[in-house]
Amino acid sequence: MINDYPQVVTIAGSDSDGSAGMQADLLTFFEKKVYGATIITACVAGNSYGIHAFANMTPEFINQEFKDLADDFKIRAAKTGMLADSTIINLVADNYEKYDFGPLILDPVIITKHGDLLLEQEAYDTLVSRLIPLADVITPNFFEAEKLSGIDGNEPDFQVKAAQKLQAMGAKNVMVKGRHDSHEQETVTDYVLLEDGSSFEITGPYFSTTHKNGTGDTLSAAITAEIGLGKSVEEAIRSAKKYVDACIQNEIEVGHKFGPINHWAK
Ligand code: PXL
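To start, this report covers the structure provided alongside it. (Residues numbered from 1 in each chain as written. Predicted model: local features only at pLDDT ≥ 70, side-chain atom pairs only at ≥ 80, totals over all residues. Heavy atoms only, no water.)

Structural notes on the site of the ligand
Right, so step 1: Neighbouring the ligand are Gly-13, Ser-14, Asp-15, Ala-20, Gly-21, Val-44, Ile-51, Met-82, Val-109, Thr-112, Leu-118 and Asp-217.
Right, so step 2: In the model, an oxygen atom of the ligand is placed 2.9 Å from a nitrogen or oxygen of the Asp-15 side chain.
Right, so step 3: Between an oxygen atom of the ligand and a side-chain N or O atom of Asp-217, the distance comes to 2.6 Å.
Right, so step 4: Judged by the proximity of its atoms to the pocket grid, the ligand belongs to the largest pocket.
Right, so step 5: Among the elements that line the shell around the ligand, the one with the most residues is strand β1 (residues 7-15), at 3 residues. (Near = heavy atom within 4 Å. Polar contact = N/O pair within 3.5 Å; in protein donor to acceptor, adjacent residues only side chain to side chain. 1 Å grid on protein atoms, 1.4 Å probe; cavity = no way out; pocket = protein on both sides within 12 Å on 5 of 7 lines; lining within 4 Å. Sits in = over half its atoms within 2 Å of the grid points. Helix = DSSP H or I, 4+ residues; strand = E, 2+ residues; numbered from the N terminus.)

Observations concerning the packing of aromatic side chains
Right, so step 1: Taken as a whole, this structure holds 5 aromatic pairs when the rule is applied.
Right, so step 2: Here the aromatic rings of Phe-66 and Phe-101 are separated by 5.8 Å at their centres, their planes lie at 10°, and the arrangement is stacked. Taken together, the positions of Phe-66 in helix α2 (residues 59-72) and Phe-101 in the loop between α3 (86-98) and β5 (104-106) put the pair 35 residues apart, joining distant regions of the chain.
Right, so step 3: Aromatic side chains Tyr-96 and Phe-101 sit 6.3 Å apart centroid to centroid with 85° between the ring planes, which places their arrangement in the edge-to-face category.
Right, so step 4: By way of ring pairs, the aromatic residues Phe-66, Tyr-96, Tyr-99 and Phe-101 are connected into one cluster.
Right, so step 5: Geometry around Tyr-243 places Lys-32 over its ring, the cationic atom sitting 4.7 Å from the centre.
Right, so step 6: Residue placement shows Arg-238 over the ring face of Phe-200; its charged tip is 4.1 Å from the ring centre. (Phe/Tyr/Trp six-rings, centres within 6.5 Å; stacked < 30°, edge-to-face > 60°. Lys NZ or Arg CZ within 6 Å of the ring centre and 35° of its normal.)

Describing the pairing of strand β3 (residues 50-56)
Right, so step 1: Judged from the 6 bridges that link them, strand β2 (residues 35-47) and β3 form a sheet pairing that is antiparallel. Looking across to β3, one finds that Gly-46 is bridged to Ile-51. (Pairing = 2+ DSSP bridges.)

Let's talk about helix α4 (residues 123-131)
Right, so step 1: Of all the residues in α4, the buried ones are Ala-123, Tyr-124, Thr-126, Leu-127 and Leu-131. Seen end-on, α4 carries its buried residues on one side only, within an arc spanning 165°.
Right, so step 2: Looking at the buried side of α4, the elements it contacts are α3, β5 and α5 (142-149). (Buried < 20%, exposed > 50% of the residue type's maximum accessible area, 1.4 Å probe, protein only. Arc of directions from axis to C-beta. Contact = heavy atoms within 4.5 Å.)

Focus on the pattern of salt bridges
Right, so step 1: Enumeration over the complete set of coordinates arrives at 11 salt bridges.
Right, so step 2: Linking Asp-71 and Lys-67 is a salt bridge whose minimum nitrogen-to-oxygen distance equals 2.6 Å. Of this pair, Asp-71 and Lys-67 both sit in helix α2, 4 residues apart, roughly one helical turn.
Right, so step 3: A relative accessible area of 37% places Lys-67 in the partly exposed class.
Right, so step 4: Close ionic contact of Asp-190 with Lys-241 constitutes a salt bridge, the shortest N to O distance being 2.8 Å. With Asp-190 in strand β8 (residues 187-193) and Lys-241 in helix α8 (residues 233-249), the pair connects residues that are 51 residues apart, well separated along the chain. As far as burial versus exposure is concerned, Asp-190 and Lys-241 are alike and both buried. (Salt bridge = Lys/Arg side-chain N within 4 Å of Asp/Glu carboxyl O.)

Let's talk about the nonpolar core
Right, so step 1: Among the nonpolar cores identified, the biggest contains 50 residues, and Val-9, Ile-11, Phe-101 and Leu-131 are the most heavily contacted of them.
Right, so step 2: Here the element with the most residues in this core is α3; it accounts for 6 residues.
Right, so step 3: Residue contacts for Phe-101: discarding those within four places in its chain leaves Val-9, Ile-39, Phe-66, Leu-69, Ala-70, Ile-75, Arg-76, Ala-77, Ala-78 and Tyr-96.
Right, so step 4: The next biggest cluster of nonpolar side chains, apart from the first, holds 26 residues, and it includes Ala-77, Ile-202, Ile-248 and Ile-261. (Core = buried A, V, L, I, M, F, W, Y, C linked by side-chain atoms within 4.5 Å.)

Considering helix α1 (residues 21-31)
Right, so step 1: All buried positions along α1 are accounted for by Gly-21, Met-22, Ala-24, Asp-25, Thr-28, Phe-29 and Glu-31.
Right, so step 2: Along its buried surface, α1 packs onto β1, β2, β4 (75-80), α7 (215-228) and α8.
Right, so step 3: Lys-33, located one to two residues past α1, shows a positive phi value of around 65°.

Here we look at the environment of Ile-11
Right, so step 1: With respect to the helices, strands and loops of the structure, Ile-11 is situated in strand β1.
Right, so step 2: The buried category is assigned to Ile-11, whose relative accessible area is 0%.
Right, so step 3: Residues Ile-11 and Glu-186, 175 residues apart in the sequence, show an inter-C-alpha distance of 34 Å.
Right, so step 4: What Ile-11 contacts, discounting residues up to four positions off in sequence, is Ile-39, Thr-41, Phe-66, Ala-78, Lys-79, Thr-80, Gly-81, Leu-83, Val-92 and Tyr-96.

Right under this line is the structure:
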């Protein structure tokens, strides 16, 4: 058996409503035609109104998931999503150092669009010390970039400064997503700083919709898929951004409040 079909993995939480977390990642992998494996870190019970219960996987279980994939599959790229707490971050880093799963796309999932916390407060330090130095690409949203860089989002050139800081902290390539919290705005501008020091901006339309659950997961999953398919980081980011915009634009009517995006969009 040659085992050479492009294979990627998401190391993330399961979201019972199917809109975010590893469910959004798998839908993205499927649409991008890469084979998607999953390392579940935690499960959340919720729906479009919010999250109502959490359960973390045990360290033994997570270690076994890594081992089983490493024993059999040829993973070409990996992404992280919800990592829940310090213990899980440490063992994800340990396993990442132990096995070759290709480039790591770190989506520093901290809080949901409903305001539910997905990472315990004391886990930031572990994320910074253990995972940022392993990241080939990090994709913080505006709030996460503020939190991780320690720079105030109102400072002039915030995205540039935050990206430089995150690179100095060890991430090779950084995408600081634009602010999208005002219904007045017409566009959103993301800033990307590449490993070689070059940079670019991507400006896209701002979509005023409540159906945006799983947007960040989908973006980082699409970057992971493209990198798994052999694209450069720049190509992967540009193509992922286009895909996510299409997913938001082509609404799908599921749930009553903060609904999912539409992964069938092209
Ligand atoms: O979209 C962030 C996210 C990531 N992972 C899990 C989630 C959510 C948001 O709800 O539930 C498991």
